[in-house]
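Residues per chain are reported as follows:
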Amino acid sequence: MIISTAFAQGAAPAASGADIFIQFIPFVLIFVVMWFLILRPQQKRAKAHQEMVKSVRRGDTIVTSGGFIAKVSRVIDDNEIEAEIADGVRVRIVRSTIAEVRSRSEPVKSEASSS
């Protein structure tokens, strides 16, 4: 016979559905581990930062991503605030550049709550 044994052994039977499923289990496990160790905590931090930025109000001391420490003097709109970085020096800051809120001001008392 002219057919070599190596050539005859090269033809593998068709893979069954269970074999393919077993081959994908490591990829699924890697994705699950990455989800719980990397993606989920990152989403939690992003959501907490977004809530912190939304709740900034007048009188709060903030730190910008550029490193400036400022006191919020006015909330202009949903995207911008006005902050005082030195005596008499006020700048407009985009809310998304706020890195940290250091100290929160006391809530403003309304006339209805004090009566």
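For the structure, see preceding data.
Rules behind the numbers
Throughout, residues of each chain are indexed from 1 in the direction in which the sequence is written. Reporting of local features is limited, given that this is a predicted model, to residues whose pLDDT is at least 70; pairs of side-chain atoms are given and counted only at 80 or more, and all residues count toward the totals for whole chains, interfaces and linings. Side-chain measures here rest on the full set of heavy atoms in the structure, leaving out hydrogens and waters. Strand pairing requires that DSSP identify at least two bridges connecting the strands. For helices the rule is a DSSP run of H or I covering at least 4 residues; for strands it is a run of E covering at least 2, with both sets numbered from the N terminus onward. Only C-alpha atoms enter the line fits that serve as axes; for helices the fit covers just the stretch in contact. Angles between N-to-C directions range over 0 to 180 degrees. Per-residue accessibility, obtained with a 1.4 Å probe over protein chains only, is compared with the maximum for each type, and a residue is labelled buried under 20%, exposed over 50%, and partly exposed between these values. Two residues qualify as a contact provided that any one of their heavy atoms is within 4.5 Å of a heavy atom in the partner residue. For salt bridges, the criterion is a side-chain nitrogen of Lys or Arg within 4 Å of an Asp or Glu carboxyl oxygen.

A.B. asks: What is the right way to look at the sheet that holds strand β4 (residues 89-94) in this model?
C.D. replies: Each strand in a sheet pairs with its neighbour through backbone hydrogen bonds, running either in the same direction (parallel) or in the opposite one (antiparallel). If you trace the five strands from one edge of the open sheet to the other, you get β4-β3-β2-β1-β5, paired in antiparallel fashion. Every other strand in the sheet has two partners, leaving β4 and β5 (98-103) as the edge strands with one partner each. Strand-to-strand, the axes of this sheet are offset by a mean angle of 45 degrees, without reference to chain direction. Here three bridges tie strand β1 (residues 61-64) to strand β2 (residues 69-75), and the two strands are oriented antiparallel to one another. When the bridges of β2 are listed, Val63 appears paired with Ile69.

A.B. asks: In this structure, what is going on with the environment of Ile85? I would like to understand it.
C.D. replies: Positionally, Ile85 belongs in strand β3 (residues 80-86). Residue classification places Ile85 among the partly exposed residues on the basis of a relative accessible area of 33%. As a C-alpha pair, Ile85 and Ser73 span 12 residues in sequence and 9.9 Å in three-dimensional space. Non-local contacts of Ile85, meaning those with residues more than four positions away in its chain, are made with Ile69, Ala70 and Val91.

A.B. asks: Honestly, the pattern of salt bridges in this entry has me stumped. Any pointers?
C.D. replies: All told, the structure shown has five salt bridges when counted by the stated rule. Between Glu84 and Arg90 there is a salt bridge; the shortest N-O distance is 3.9 Å. Three or more residues joined by partner-sharing salt bridges are found here, namely Arg74, Glu82, Glu84 and Arg90.

A.B. asks: Even after reading the chapter, I still don't get the side chain of Ser73, so can you show me in this structure?
C.D. replies: Mapped onto the secondary structure, Ser73 falls in strand β2. Ser73 sits in the buried class, given a relative accessible area of 17%. When neighbours within four sequence positions are excluded, Ser73 is seen to be in contact with Arg58, Glu82, Ala83, Glu84 and Arg90.

A.B. asks: Honestly, the side chain of Thr64 in this entry has me stumped. Any pointers?
C.D. replies: Here Thr64 is to be found in strand β1. Given a relative accessible area of 8%, Thr64 falls into the buried group. Non-local contacts of Thr64, meaning those with residues more than four positions away in its chain, are made with Ile93, Thr97, Ile98 and Ala99.

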